[in-house]
Amino acid sequence: MKVSLNWLQSYVDLTGVSAEDISRAITFLGFEVEQVIRTGAPAFNNVVVGHILTRDKHPNADKLSVCTVDVGAAHGGVRTIVCGAPNCDVGNSVPVALPGAVLPGDFVIKEAKVRGQASSGMMCSAKELTLSHEAHGLLLLNGGLPAGTPINAALPTGDTVFDIEITPNRPDCLSHLGVARELAAWFKKELRYPEVSFTPASIGASHRTDLLKSIRVDNPTCCPLYTATVITGVNVGPSPEWMQQRLSAVGLRPINNVVDIGNYVMLEYGQPVHAFDAHKLAGAELIVRSATEGEKITTLDGKTRELGSPMLVIADAHKPVVIAGIMGSADAGVTDVTTDLILEVASFKRQSVRATGKRLGLGSDSSYRYERGVDVHSLDEAAHRFIDLILAHAGGQVAGPIHRVGGDQPWEREITVTPAFINAKLGFEIPAEFIKTSLESLELALVREEQSEDDSLTWTFSVPSWRDDLDRPIDLVEEVVRLYGTEKIPSSVITAPGLVGNDDPIVLFNRRVTDALVGQGFNEAVNYTLRPGKELAAWATPAAVADLALANPFVEDQSHLRPTLVSGLLETLQLNQSRGVAASQFFETGRVFIERNGQLSECIAAAFIIAEDTGERTWRTRETADFYTAKRHTATICALAGIELERQPTSLVPVPAHGWQEGHAATAGDIKHGWTSTFGLVSLAHLKSLGITGKVYAGFFAIVSEKVSAEAERRSYKPFGLQPAALRDLALVVPEATSSAEVQKALAKVARAAVGTAFALEAVHVFDVYQGKGLPEGTKSLAYSLVFRAAERTLTDEEVNAVFTQIQAELLKITPYQIRK
Amino acid sequence: MQDLLSALIAKAASELPTVVTRPDFDAAKARYVGPNGELTALMKQMGSVPKEQKPVVGKLVNEAKTALQAHLDAALARIEAAALAAQLGPAVDPTLPSPDRTPGTQHPLTLVREEMTRILRKVGFTVVEGPEVETEYYCFDALNTPADHPARDAQDTFYLPESARFGNVAKKNPDEKYLLRTHTSSVQIRTLLKGQPPIRIVSPGRVYRRDTTDATHSANFHQLECLYVDKNVTVRDLKALLDYIFASLLGKDTKTRFRPHYFGYTEPSFEVDLSARHLPKVNKEWIEIGGCGMVDPIVFKDVGYDPEVWSGYAFGMGLERLAMLLYGIDDIRYFYQNDARFLRQFA
C-alpha cells in the first residue's frame, strides 16, 4: 500500500523526522518498505526567484539572449545572465540559479563567459529543477513573488510516498490512520483523529423516502452491517486540490469530488465506501442478496460480468448495482450531472468477498480490504467522515436518517498479562514501564493493574476493535518487542544441551550415494520434480502416467510427478550437448513417485547416466562404458541401501521397454517388495527423438521411503584360509538363452556337493564368454574359474582332480550343458 | 693351462657383451660353465695336473672362474635391464593433460545444504526428512493456516486429484486432499507428532509453489528449517541460533538482525536480515535471509503439547537463495539447468 507522508502528517506530527527515519520506523514496526518515492522539488540553495528586466540578442550567437535579471538586493541586485530559452521574455518571473548553486546531477553554477559574454547565473527550466521530465523553456513562476525569494517557497511542496507491504494480520494498517497510529507509537507522538462535525443528530427534517425508503438484507451472514444515507443537492465537480494531490501521490487518479472523497475515506480509515446516483436506482429499496444465476452487471471498469449464486450483490428493484465489496456498476455510478447521492458504508464477510472476487477474477482496493478484514466497529466513524466530507466539498444536505441494517456485536476483548511473562518469553529484560506505555501507545487501554505481595504486576488491557489479531498474552509480546526495537534483541551464546540423535536414514543414504558417485566422476544434477506428461510415456505405463498427473498444473511441461530420475538426466545431457559442453556422466538423488495397482508410493531414488559421446576429443582414447558399467554403478547404489544386486533375480526389461533398449537393459527388484532398479542402455530410438548423440547407459534405483534402513548391521569376521589355493578352469557349452546366473548357480551347487567337507570351494566366477566358430549353432560357452582351498593344509593335485572329474561327470548327468574341451 | 684359461676369458669377454636375449645368454652360460662347458672341461683336467703344480693351477682356475662369473653377471644385468627398459615406451610428456574425465562434483545446493546441516549438527540438530507429497493437515491446518487462507488456493499450491491414492503418505483426515508441500514446515508437525520433546531438528527439502519460473522463482525449490522445542525457550535463544549459524557460515563478525513479521505458526514472528559485507555482489548493508519466530501456542495445542510447559522456536530459509548469496549466482534457473560449466565451479 502506498502511504503519503503529507497525508500522515494530518494525524501525527512528523515535522523534522527524515524520510529515512520514517522508512526505518515502518520497517522495524514490521512492514517491509518496498519503495520510497519523492515527489515535488528537492530543497535548493542559491536558487531564487528572478524578474527579467531586459532582453537583448547575444552579439555572437543567434539562439542566445543576454538578459538582465533582478534577483533581489540580498543576492546582488540585477545580474546579467545569458539564456538560450525562447521564453526569457521581459517581465517573466523565473527560477535563477546563482553562482554557487548545485543543481541535481551535481551541476555546479559558476560565474562564466558564454560566447564572450559574461553570465552571472542560470535561469532554469522545470527539468533542471527535476520538477518535470521535459524542458519547455524556462519554468514560469507566479509573478507575485518578490525577486530573491528562495525558490522552494515558489514551488509546490513535494511529498514522500512509502510503498509498504502490509502483512495479512494487520488489515488495520491498510489505511493512513492505521499507519499513523503505528508511527505515533514508534516516535512517541500523539495521534490526532480527523475532526468530523457531522453527527446523526444534525440531520434535518427533510426525508427523501422517494429516493431511499428501506434496506433489505437477505443474507446477514455475508453482510453483518449495511448503512446507507441519502444526500441531496450536491454539486459534482473537482475535489479540492489538497485531496487530489494526496490521491495522486498514492497512485489514484482524481475523478470528481464524490468519487475522490469515497477513495479518500477508504484510504484514511481502511473502510471501503460507495456512492450511487440516487436517481439511477429503480424503486426506493436497496436489497443485499445473492445474485441469481446468469444475472449480468457492467462494472465500473466497463466489463460486463455474469453473476451467479452465492455471489453477494446490492440490488435495486430490478438489477444488481454493486458486486458487494468489490465494484459498483457503471449504470448507477456518479457522473457530472448527479445531484442526489446514496452513500453506502457496509461490512461484508471476507470469505464471501474473496470467493466472489476469485470466481469473477475481479479485485479492487475495496475487495482487497474486505478480504483481509475491515473493522465493523469503526464503520460508523468512517460513514460519518464520508458524509462530512461530501457536505464540505460537494455541498448538499443529508435527506433522511442513516439507514442501518444489522447490528454489530459489541466489541469487548481483554488480555491479562504480566511483565514477567513478557520478559520470560523474550529472554531479556524490558522495563515494566516501557511495556505499559508501548501497549497504551497502540491504544490498548489499561483496564486494571494489580500488584501482588511480591510487588509483581498483573495488567489487564482492553484491545481496540481494529486489532482482532491480538487475543492472547503471547500476542502482546510481539507488540512490545516491536516497539522496543527488534534490532536491540541481545545476542548470546547458543545453549545446546546434548540432544544428539541420528540423522534420518534417508539423509545418510543420499549422502553416501552422492559421495560414491562423485567419487566415480559423476556430476551431480538437480532437475525439476514436475515433468511433462508426454515425456513420461517412455518411462511409465499409461495407467501410471494418469495417476501421476497434478490436479492443477501451472504449465504444460510441468504437469506430472516424476516416476524416474532418468528423464531429467537425459534433459541435462541434451542441454549440455546442445551447448557444446563436454560432459558425459551425471547423477541425481531425489524423490520419485511409483505407481502400483493404482496407488502411488513416494520413493527415495538415485540415478545416473553415462554418455558415450563425451562432447570432447582427447589425445588418448579411453575405454567406453557398456551395460556392465551401468550394472556396476547400480550395484554400488543398491549396496548402499543394503541390497546385494548380484544376488537378486535380474531379467531383461520387458517389451515394450519404455525408455530402455530392448535386450540391453535389465531390471531387478520390484516395488511391491519395496525397491526397484533398472539399468543398461537407454532406448536408441528415444535418444534419437531427444536429439542426443551417441549411446547412453543409465541406472536407476528407487526404494520406498520408509524402507530405507538405518545403519547396516555390524559385520562379523569370517576366517579365511592361509594355505595355497588350487585353481581349475571349466568351460561349459550351454544353450545361448541360458543366463550366466543359472549356469553359475548349477555349477556352484554341483561343485559344493563334490567337495563335501573335505575342503572348500572358495569361489566360482565366470571369466570368459564365447559364441561363434567352433561351437554348435544356438549355443555359447561360459568359462568358469573354480577356486578350491583347504583351511589347514596344501591341497594335493590328486584330490582336487578327483573332485574336478566328479563335478564334470555330475554336470553332464544332471544338466544339458556340455563340457568344452 | 694358463694359456687355455686366458683364451677362454678373452673369448667370454668378447662374446658375452654381444648376447642380447635371455635364451642366448642361457645357452652361452651353458657353453662356459654348464656341465659340458669349456671351463668345466678345463676343470676336469685338474686331475691330470702334477701334484706339485696343483696349488698353482687351482688358483689359476679359481681366478678364471671368478673372472668368467663377473662377465656372466654383467651380461645378465645388462640383458635384464634391457628387458625392463623394453616394457617402457619413450619418456612421457608430463605437461599433457590427463585424458581421463574430470572429477565428479556435488551440486551447489548439496554443498550448501550439507554445510548448513554440519553447522547445525554441532549444536545438536539432527537432520530429518518428510514426504514431498503432503496432506492439507500437515501443510496447512496444523500450522494454523485457516481453510480460506490465500496460500491454500489452487492458484498457489499444487494439488493432486481427489482420486489420488498414496501407499506411504497417510492422511490425517479422510476427506483432505493431497498436495505438494509448500514449505518444509510440514516436517515440524510430523516430528512433533512422532517425537518426544525436547526436540532439535533440521529439515532440508524440496518444496513447491505454483509460480512463474524466472530469475528468482522456480516451480520447485529447497528450504531448510530448524525446530527447537524445550522448556523456557526464548526469543533471545532464537537470536543466538541465527547469530551462531551465520557467524559459522560467513565469519565471526557476521551479524543478523530481526524485523517483526507475520507467520501463522509463530508468535512473535520475525524476518531475518544478514549483514551483507561478506557476500559477493550484494550492494546492500543488510539482506533478507529467512523467517523465524517462536512456535505459536496454537500449534503446540494442536499436536498435543501443553503450551504452558513447552516452548520453542522455528527458523526457515531458502537454500537456493542462500546459495545464490554465497556464490554470487544471479539466476535460480541455473541450479536446474545443470550446465556442466556451472556444476564444476563449486566442487
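Please read all numbers here as calculations on a predicted model, not as lab measurements.

Conventions used here
Residues numbered from 1 in each chain as written. Chains lettered and ligands numbered in written order. Predicted model: local features only at pLDDT ≥ 70, side-chain atom pairs only at ≥ 80, totals over all residues. Heavy atoms only, no water. Helix = DSSP H or I, 4+ residues; strand = E, 2+ residues; numbered from the N terminus. Rg over C-alpha atoms; globule rule 2.2 N^0.38 Å. Buried < 20%, exposed > 50% of the residue type's maximum accessible area, 1.4 Å probe, protein only. Contact = heavy atoms within 4.5 Å. Lys, Arg positive; Asp, Glu negative; His and termini not counted. Charge placed at Lys NZ, Arg CZ, Asp CG, Glu CD. Pairing = 2+ DSSP bridges. Patch = residues over 30% accessible without salt bridge, like charges linked within 9 Å, V, L, I, M, F, W, Y side chains within 5 Å. Areas by Shrake-Rupley, 256 points an atom, 1.4 Å probe, with all protein chains shown as cover. Salt bridge = Lys/Arg side-chain N within 4 Å of Asp/Glu carboxyl O. Expected span 1.5 Å × (residues − 1). Polar contact = N/O pair within 3.5 Å; in protein donor to acceptor, adjacent residues only side chain to side chain. Phe/Tyr/Trp six-rings, centres within 6.5 Å; stacked < 30°, edge-to-face > 60°. Buried area = accessible area lost by both parts, 1.4 Å probe. Nonpolar A, V, L, I, M, F, W, Y, C, P; charged D, E, K, R; others polar. Axes fitted to C-alpha atoms, helices over the stretch in contact; angles between N-to-C directions. Parallel < 35°, antiparallel > 145°, perpendicular 65-115°, else oblique. Left-handed = near helix turned anticlockwise from the far one by under 90°. Disulfide = S-S within 2.5 Å. Core = buried A, V, L, I, M, F, W, Y, C linked by side-chain atoms within 4.5 Å. pLDDT = per-residue confidence, 0-100.

**Things to note about the overall build of chain B**
Then step 1. Secondary structure summary: chain B contains 12 helices and 9 strands in total.
Then step 2. Relative to the globule expectation of 20 Å for 347 residues, the C-alpha radius of gyration of chain B, 41 Å, shows a markedly less compact shape.
Then step 3. Seen through its C-alpha atoms, chain B measures out along the principal axes to roughly 125 × 50 × 45 Å.
Then step 4. Out of the 347 residues in chain B, the part that is buried amounts to 54%.
Then step 5. Across chain B, contacts joining residues at least 24 apart in sequence account for 66% of those joining residues at least 6 apart.
Then step 6. Across chain B, the mean location of the 42 positive side-chain charges is 7 Å away from that of the 44 negative side-chain charges.

**Regarding the overall build of chain A**
Then step 1. Check the secondary structure of chain A and you find 19 helices and 40 strands.
Then step 2. Its C-alpha radius of gyration of 43 Å places chain A more than 25% over the 28 Å reference for a compact globule of 821 residues.
Then step 3. Relative to its full complement of 821 residues, chain A shows a buried share of 52%.
Then step 4. Of the contacts formed within chain A by residues at least 6 apart in sequence, a portion of 70% connects residues at least 24 apart.

**Some words on the sheet that holds strand 11 (residues 122-123) of chain A**
Across a sheet, strands are paired by hydrogen bonds formed along the backbone, either parallel or antiparallel in direction.
All names here are of chain A.
Then step 1. Strand order in the open sheet formed by 5 strands is 5-4-3-6-11, and the pairing between neighbours is antiparallel. Two strands lie at the open edges of the sheet, namely strand 5 (78-83) and strand 11, each paired on one side alone.
Then step 2. In the sheet, strand 3 (residues 47-57) pairs with strand 6 (residues 93-97) via 5 bridges, with the strands oriented antiparallel. Across the sheet, residue H51 finds its bridge partner in strand 6, namely S93.

**Observations concerning a nonpolar patch on the surface**
Residue and element names in this part refer to chain A.
Then step 1. Side chains of Y717, F720 and L722 sit close together on the surface and give an oily, nonpolar patch of about 460 Å² of accessible area.
Then step 2. Residue placement: L722 occurs in the loop between strand 36 (696-704) and strand 37 (726-735).
Then step 3. Exposure remark for L722: the relative accessible area of 75% places this residue in the exposed category.

**Brief notes about helix 16 (residues 627-640) of chain A**
All names here are of chain A.
Then step 1. Between its first and last C-alpha, helix 16 extends 20 Å over 14 residues, near the 20 Å set by a 1.5 Å rise per residue.
Then step 2. Buried within helix 16 are the following residues: F627, A630, K631, H633, T634, A635, I637 and C638.
Then step 3. Looking at the packing, one finds that the buried side of helix 16 touches helix 12 (505-519), strand 32 (599-611), strand 34 (660-670), strand 35 (675-682) and strand 36.
Then step 4. Measuring from the backbone nitrogen of Y628 back to the side-chain oxygen at the start of helix 16 gives 2.9 Å, which picks out D626 as the cap.
Then step 5. Positive phi shows up at G642, right after helix 16, with a value of about 80 degrees.

**A word on the packing of aromatic side chains**
Residue and element names in this part refer to chain B.
Then step 1. Counted according to the given criterion, the structure contains 27 aromatic pairs over all chains.
Then step 2. For the ring pair F342 and F346, a centre distance of 5.0 Å and an interplane angle of 70 degrees mean the geometry is edge-to-face.
Then step 3. In this structure F346 comes out as buried when scored by relative accessible area, which is 13%.
Then step 4. By way of ring pairs, the aromatic residues Y327, Y334, F335, F342 and F346 are connected into one cluster.

**Describing the interface of chain A and chain B**
Then step 1. Residue-level contacts link 92 residues of chain A with 94 residues of chain B.
Then step 2. In this assembly, chain A packs against chain B so that about 7800 Å² is buried in total across both faces, 52% of it on carbon and sulfur atoms.
Then step 3. Run the count over chain A and chain B and you get 8 salt bridges.
Then step 4. Where A:R511 meets B:E114, a salt bridge forms, and the shortest distance between an N and an O atom there is 2.8 Å.
Then step 5. One can count 49 residue pairs in polar contact (both at pLDDT 80 or more) joining chain A with chain B.
Then step 6. Residue classes in the side of chain A that touches chain B are distributed as 41 nonpolar, 29 polar and 22 charged.

**Focus: the pattern of salt bridges**
Residue and element names in this part refer to chain A.
Then step 1. With the rule as written, the count across this model stands at 63 salt bridges over all chains.
Then step 2. Of the charged contacts in the structure, one is a salt bridge between R55 and D89, with a shortest N-O distance of 2.6 Å. One end of the pair, R55, is in strand 3; the other, D89, is in the loop between strand 5 and strand 6, and 34 residues separate them in sequence.
Then step 3. Note on D89: relative accessible area 35%, which makes it partly exposed.

**Some details on the packing of helix 2 (residues 19-29) of chain A against helix 3 (residues 176-187) of chain A**
Residue and element names in this part refer to chain A.
Then step 1. Running from amino to carboxyl end, helix 2 crosses helix 3 at an angle of 100 degrees, the nearest separation of the two axes being 10 Å. Classified by the interaxial angle, the pair formed by helix 2 and helix 3 is roughly perpendicular. Contacts from D21, I22, A25, I26, F28 and L29 in helix 2 reach E182, L183, W186 and F187 in helix 3.
Then step 2. Taken together, the residues of the contact of helix 2 with helix 3 sort by class into 8 nonpolar, no polar and 2 charged.

**As for the side chain of A:S120**
Residues and elements named next belong to chain A.
Then step 1. Among the structural elements, S120 can be located in the loop between strand 10 (117-119) and strand 11.
Then step 2. Overall, S120 belongs to the buried group, its relative accessible area being 11%.
Then step 3. A polar atom in the side chain of S120 sits 3.3 Å from the side chain of E111.
Then step 4. Excluding anything up to four places from it in sequence, S120 contacts R79, T80, I81, P99 and E111.

**Concerning the sheet that holds strand 33 (residues 650-652) of chain A**
Residues and elements named next belong to chain A.
Then step 1. Strand order in this open sheet of 7 strands is 28-31-32-36-35-34-33, and the pairing throughout is mixed. At either end of the open sheet lies a strand with only one pairing partner, and these are strand 28 (523-524) and strand 33.
Then step 2. Two elements, strand 33 and strand 34, share 3 bridges in a ladder whose sense is antiparallel. The residue of strand 34 that forms the bridge with T650 is A668.
Then step 3. Running over the sheet, helix 12 touches strand 28, strand 31 (585-596), strand 32 and strand 36 and is turned about 140 degrees from strand 31.
Then step 4. In this fold helix 15 (residues 566-578) packs onto strand 31, strand 32, strand 34, strand 35 and strand 36, with an angle of close to 35 degrees to the strand it touches most, strand 32.

**Section: the environment of B:V20**
Then step 1. The residue B:V20 is located in the loop between helix 1 (2-15) and helix 2 (22-33) in this model.
Then step 2. Along the primary structure B:V20 and B:L76 are separated by 56 residues, whereas in three dimensions their C-alpha atoms are 9.3 Å apart.

**What about the pairing of strand 26 (residues 445-451) of chain A?**
Then step 1. Where strand 26 of chain A meets strand 27 (residues 457-462) of chain A, 6 bridges bridge the pair, whose relative direction is antiparallel. When the bridges of strand 27 of chain A are listed, A:R448 appears paired with A:T460.

**Brief notes about the packing of helix 6 (residues 350-360) of chain A against helix 7 (residues 365-372) of chain A**
Residues and elements named next belong to chain A.
Then step 1. Packing of helix 6 against helix 7 leaves a shortest axis separation of 7 Å and a crossing angle of 135 degrees. Compared by their axis directions, helix 6 and helix 7 come out oblique. The chirality of how helix 6 crosses helix 7 is left-handed. Packed against helix 6, whose contacting residues are R350, V353 and R354, the element helix 7 presents S367, Y370, E371 and R372 at the interface.
Then step 2. Grouping the amino acids of the contact of helix 6 with helix 7 by side-chain chemistry returns 2 nonpolar, 1 polar and 4 charged.

**Some points on the state of the cysteines**
Residues and elements named next belong to chain A.
Then step 1. The full count for this structure, using the stated rule, is 0 disulfides over all chains.
Then step 2. With no disulfide of its own, C88 has C67 as its nearest cysteine by sulfur position, at a separation of 3.8 Å.
Then step 3. Unpaired in this structure, C124 has its nearest cysteine sulfur neighbour in C83, at a distance of 9.4 Å.
Then step 4. Judged by its relative accessible area of 0%, C124 falls in the buried class.

**Digging into the side chain of A:R354**
Then step 1. Tracing the backbone shows A:R354 in helix 6.
Then step 2. Sequence-distant contacts of A:R354, defined by excluding residues within four places in its chain, comprise A:E371, B:D148, B:H149, B:P150 and B:D153.

**A look at the nonpolar core**
Then step 1. Among the nonpolar cores identified, the biggest contains 171 residues, and A:I390, A:F700 and B:F246 are the most heavily contacted of them.
Then step 2. With 10 residues, helix 8 (residues 235-250) of chain B is the single largest residue contributor to this core.
Then step 3. Counting 36 residues, the second-largest nonpolar core is a separate cluster that includes A:C222, A:C223, A:Y226 and A:F348.

**Quick look at the confidence of the model for chain A**
Then step 1. The predicted model of chain A has a mean per-residue pLDDT of 92, with 98% of residues at 70 or higher.
Then step 2. Strand 28 of chain A holds the highest mean pLDDT among the elements of chain A, 98, whereas strand 7 (residues 102-103) of chain A holds the lowest, 87.

**Details of the pairing of strand 6 (residues 256-263) of chain B**
Residue and element names in this part refer to chain B.
Then step 1. For strand 6, the buried fraction is high: 6 of the 8 residues fall into the buried class.
Then step 2. Across 7 bridges, strand 6 lies against strand 7 (residues 266-275) in antiparallel orientation. Considered in strand 7, the bridge of T256 is made with L274.
Then step 3. Between the end of strand 6 and the start of strand 7, which pair antiparallel, lie 2 residues.

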